[in-house]
Amino acid sequence: MLEFYYHPSPNPAKVALFLEESALPYELIPVDTRKGEQFKPEYLAVNPNAKTPAIVDDGVTVFDSNAILLYLAEKTGKFLPEDTPAARGPMLSWLMFVATGIGPYSGQSVHFKHYAPELSYAINRYSYEARRHFGILDAQLAKHRYMLGPTYTFVDMAVWGWARVVPLILGDDAWATLPHLKRLFDNVSARPAAVRATALKDKFRFKAELDDAARRYMFRHIAAPA
């Protein structure tokens, strides 16, 4: 059975949604990042980058949420666009846009806004870029029902993972400026598979406190030598 290493955060949420949508059987393995479980040797053997999610599928290890989505979509043949260069080009482009733009800028925006509020330059930089990237998604969805056109694909799942935390990233009023992304988010969130994927966080007691010990695990640069 597929092993799914999970923490309740945006990137694992994408993979959880695909697994629930495709009805693939899997074993859910919690990784509590605020307790430092991502740095245990047995998990580093699965993902040397010490991040969640990761999967082990019949001896095949895949880490990075976007790589996992592509792997699972190609393995199952589900939630893919047509198998043509004309369809595959946009699929790869938007998937990598989420991987290299939405995720990194959103993550850094949250970090500086909520955990290093004294660094106004960094807050402005990453908040601007996060908003710009989400605006590009919104513009694409103004022209199409889903990211790649009329059909729901795993790229929409990649977008949904981060759209879940738009208010945390951009502020409580952000949805008013992203109506088309909000439509996609609401439509995907209403799917039974998304409801099940969201409920996975309640299966385990993950540490919620960001105490000194958690900060040492979450913000490793604080203790690292210059």
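The sections below set out a description of the structure shown in this document. Treat the numbers as computed from the prediction; the structure is a model and nothing was measured.

Parameters at a glance
Residues numbered from 1 in each chain as written. Predicted model: local features only at pLDDT ≥ 70, side-chain atom pairs only at ≥ 80, totals over all residues. Heavy atoms only, no water. Buried < 20%, exposed > 50% of the residue type's maximum accessible area, 1.4 Å probe, protein only. Helix = DSSP H or I, 4+ residues; strand = E, 2+ residues; numbered from the N terminus. Pairing = 2+ DSSP bridges. Right-handed = clockwise from strand over helix to strand, strands pointing away. Salt bridge = Lys/Arg side-chain N within 4 Å of Asp/Glu carboxyl O. Arc of directions from axis to C-beta. Contact = heavy atoms within 4.5 Å. Axes fitted to C-alpha atoms, helices over the stretch in contact; angles between N-to-C directions. Parallel < 35°, antiparallel > 145°, perpendicular 65-115°, else oblique. Left-handed = near helix turned anticlockwise from the far one by under 90°. Phe/Tyr/Trp six-rings, centres within 6.5 Å; stacked < 30°, edge-to-face > 60°.

1. A short note on the pairing of strand β1 (residues 2-6)
Most of β1 sits inside the fold, with four of its five residues counted as buried. Inspection of the sheet shows β1 paired to strand β2 (residues 26-30) by five bridges, in the parallel sense. Pairing of Y5 across the sheet is with I29, part of β2. Taking the sense of rotation as the criterion, the β-α-β connection linking β1, helix α1 (residues 10-22) and β2 turns out right-handed.

2. Some thoughts on the pattern of salt bridges
Any two side chains of opposite charge can pair, given that their charged atoms come close. Enumeration over the complete set of coordinates arrives at nine salt bridges. As a salt-bridge pair, E20 and R196 come within 2.8 Å of each other at their nearest N and O atoms. Of the two residues, E20 sits in helix α1 while R196 sits in helix α9 (residues 192-199), which places them 176 residues apart along the sequence. Relative accessible area serves as the criterion here: at 39%, R196 is assigned to the partly exposed category. Here K201 makes a salt bridge to D202, at a shortest N to O gap of 3.9 Å. The exposed category is assigned to D202, whose relative accessible area is 60%. Several salt bridges share partner residues, and in doing so they unite R125, E129 and R132 into one network.

3. Some thoughts on α9
Every buried residue of α9 is listed here: A193, A194 and A197. An end-on view of α9 places all buried positions within 95 degrees of arc, on one side of the element. Its buried side turned inward, α9 meets β1, α1, α6 (154-163) and α8 (179-189).

4. A few points about the environment of L80
You can see L80 is positioned in the loop between α3 (65-76) and α4 (85-115). Judged by relative accessible area, L80 falls into the partly exposed class, the value being 28%. Ignoring anything within four residues of it in the chain, the contact list for L80 reads A73, E74, T153 and F154.

5. Regarding the packing of α1 against α6
At a closest axis distance of 7 Å, the pairing of α1 and α6 adopts a crossing angle of 140 degrees. Comparing their axes, α6 and α1 come out oblique. By crossing handedness, the relation of α1 to α6 is classed as right-handed. Here α1 contributes P10, N11, A13, K14, L17, F18 and E21 to the contact with α6, which in turn contributes F154, M157, A158, W160, G161 and W162.

6. Observations regarding the packing of aromatic side chains
The geometry of an aromatic ring pair is captured by two quantities: the separation of the ring centres and the angle between the planes. According to the stated counting rule, one finds 13 aromatic pairs in the structure shown. Each ring, one from Y6 and one from F206, has its centre 6.0 Å from the other, and the planes form 65 degrees; the classification is edge-to-face. Separated by 200 residues along the polypeptide, Y6 in strand β1 and F206 in the loop between α9 and α10 (212-218) bring together distant segments of the chain. Here Y6 matches F206 in class, with each residue buried.

7. Observations concerning the sheet that holds β2
Spatial ordering of the open sheet is given by β2-β1-β3-β4, a layout of four strands whose pairing is mixed. Two strands bound the open sheet, and with one partner strand each, they are β2 and β4 (60-63). Averaged over all pairs of adjacent strands, the angle between strand axes in this sheet comes to 20 degrees, irrespective of strand direction. Bridge count for strand β3 (residues 54-57) against β4 is four bridges, and the pairing is antiparallel. Across the sheet, residue D57 finds its bridge partner in β4, namely V60. The sheet contacts of α1 involve β1, β2 and β3, and relative to β1 the element is tilted by about 150 degrees.

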